[in-house]
Amino acid sequence: YMPRKVVDNGDVVVTPGIGLEYKDDNGFLALAAVVKDCYNNLAGTLQLGESFRITKSTDWGLTVGVYARETPMACEALSDYPGITTTHCHAMDNYNWKFLATINNESVDIIPMPFLHLTTNIYKSRDIQIDLKIMGNLILNEVGFSVLL
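Asks: Would you explain the nonpolar core in this entry?
Replies: The tendency in soluble globular proteins is for nonpolar side chains to be buried side by side. In this structure, Leu 31, Val 35, Ala 43, Tyr 67, Ile 111, Met 113, Phe 115, Met 135 and Leu 140 together form the largest nonpolar core, which totals 9 residues. Elements represented by at least two residues in this core include exactly strand 2 (28–36) and strand 8 (106–124). No other element matches the 3 residues that strand 8 contributes to this core. If we ignore the near neighbours within four places in the chain, the residues touching Leu 31 are Leu 20, Glu 21, Thr 45, Leu 46, Gln 47, His 117, Lys 133 and Met 135.

Asks: I keep staring at the pairing of strand 7 (residues 99–103) and nothing clicks. Help me out?
Replies: Each regular strand shows side chains that alternate between the opposite faces of the sheet. Of all 5 residues that make up strand 7, 0 are buried, and the element is exposed over most of its length. Inspection of the sheet shows strand 7 paired to strand 8 by 5 bridges, in the antiparallel sense. When the sheet's bridge partners are listed, Ala 101 is paired in strand 8 with Val 108.

Asks: I keep staring at the side chain of Gln 47 and nothing clicks. Help me out?
Replies: Mapping Gln 47 onto the fold places it in strand 3 (residues 42–55). Gln 47 sits in the buried class, given a relative accessible area of 1%. A polar side-chain atom of Gln 47 sits 2.6 Å from a polar atom in the side chain of Thr 63. Polar contacts involving the side chain of Gln 47 include one to the side chain of His 117, which spans 3.1 Å. Residue contacts for Gln 47: discarding those within four places in its chain leaves Leu 29, Ala 30, Leu 31, Thr 63, Val 64, Gly 65, Phe 115, His 117 and Met 135.

Asks: Looking at this structure, how should I read a nonpolar patch on the surface?
Replies: A grouping of Phe 52, Ile 54, Trp 60, Leu 62, Leu 116, Leu 118, Ile 134 and Val 143 is seen on the molecular surface, where their side chains present a nonpolar patch of about 710 Å² in accessible area. Within the residue set of the nonpolar patch, elements represented by two or more residues are strand 3, strand 4 (58–70) and strand 8.

Asks: For this particular structure, what's the right way to read the pairing of strand 4?
Replies: Bridge count for strand 3 against strand 4 is 12 bridges, and the pairing is antiparallel. Within strand 4, the residue paired with Glu 50 across the bridge is Leu 62. What sits between the antiparallel neighbours strand 3 and strand 4 is a turn of 2 residues. Alignment of strand 4 against strand 8, held across 13 bridges, turns out to be antiparallel. The partner of Trp 60 across the bridge, within strand 8, is Leu 118.

Asks: What should I look at first to understand the environment of Gly 10 in this one?
Replies: Looking at the element boundaries, Gly 10 is found in the segment before strand 1 (17–23). Through-space distance from the C-alpha of Gly 10 to that of Leu 78 is 27 Å; in sequence the pair is 68 residues apart. Those residues in contact with Gly 10 that lie beyond four places of it in its chain are Met 2 and Lys 5.

Asks: For this particular structure, what's the right way to read the pattern of salt bridges?
Replies: Where side chains of opposite charge bring their charged atoms close, a pairing between them can arise. Under the definition given, this model contains 6 salt bridges. Here Lys 23 and Glu 21 are joined by a salt bridge, their closest N and O atoms 3.7 Å apart. Under the relative-accessibility criterion, Lys 23 is labelled partly exposed at 30%. Close ionic contact of Glu 21 with Lys 133 constitutes a salt bridge, the shortest N to O distance being 2.6 Å. Placement of Glu 21 in strand 1 and of Lys 133 in strand 9 (residues 129–136) is noted, with a sequence separation of 112 residues between them. The class for Glu 21 is partly exposed, based on a relative accessible area of 34%. Judged by its relative accessible area of 10%, Lys 133 is buried. By sharing partners, the salt bridges in this structure join Glu 21, Lys 23, Asp 59 and Lys 133 into a single network.

Rules used in this analysis
Residues numbered from 1 in each chain as written. Predicted model: local features only at pLDDT ≥ 70, side-chain atom pairs only at ≥ 80, totals over all residues. Heavy atoms only, no water. Core = buried A, V, L, I, M, F, W, Y, C linked by side-chain atoms within 4.5 Å. Buried < 20%, exposed > 50% of the residue type's maximum accessible area, 1.4 Å probe, protein only. Helix = DSSP H or I, 4+ residues; strand = E, 2+ residues; numbered from the N terminus. Contact = heavy atoms within 4.5 Å. Pairing = 2+ DSSP bridges. Polar contact = N/O pair within 3.5 Å; in protein donor to acceptor, adjacent residues only side chain to side chain. Patch = residues over 30% accessible without salt bridge, like charges linked within 9 Å, V, L, I, M, F, W, Y side chains within 5 Å. Areas by Shrake-Rupley, 256 points an atom, 1.4 Å probe, with all protein chains shown as cover. Salt bridge = Lys/Arg side-chain N within 4 Å of Asp/Glu carboxyl O.

This is the structure:
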């Protein structure tokens, strides 16, 4: 059910997407991102928090917000009677700390959660800066790159 999995059990997946992050000089941190999740469904996050400088090129942060995704569903067609097929679907996870909503006739999971952030500079020139960005909690962990022009 996870077409984006890298390992057979689905513990490592690829979730391509794009995010925007804002940090001010006082440490305020805001992040918004849109990705394709491990089930190849649309997902995203909106987070607010605080960032703390560790060194000149590394900082960590703590945010709270929501992760929202199309509810992962598994569906199968069953033949009830000859010539009559019925499709049965069920949610694929049992995560309890979520709110269910319907948006554009699609079931959506809205999951409140905190995130820890670690950002460190891996390349910097006069015109561009590339940082390694790691964010995670006990449920979701993301590794990516941020580009500052």
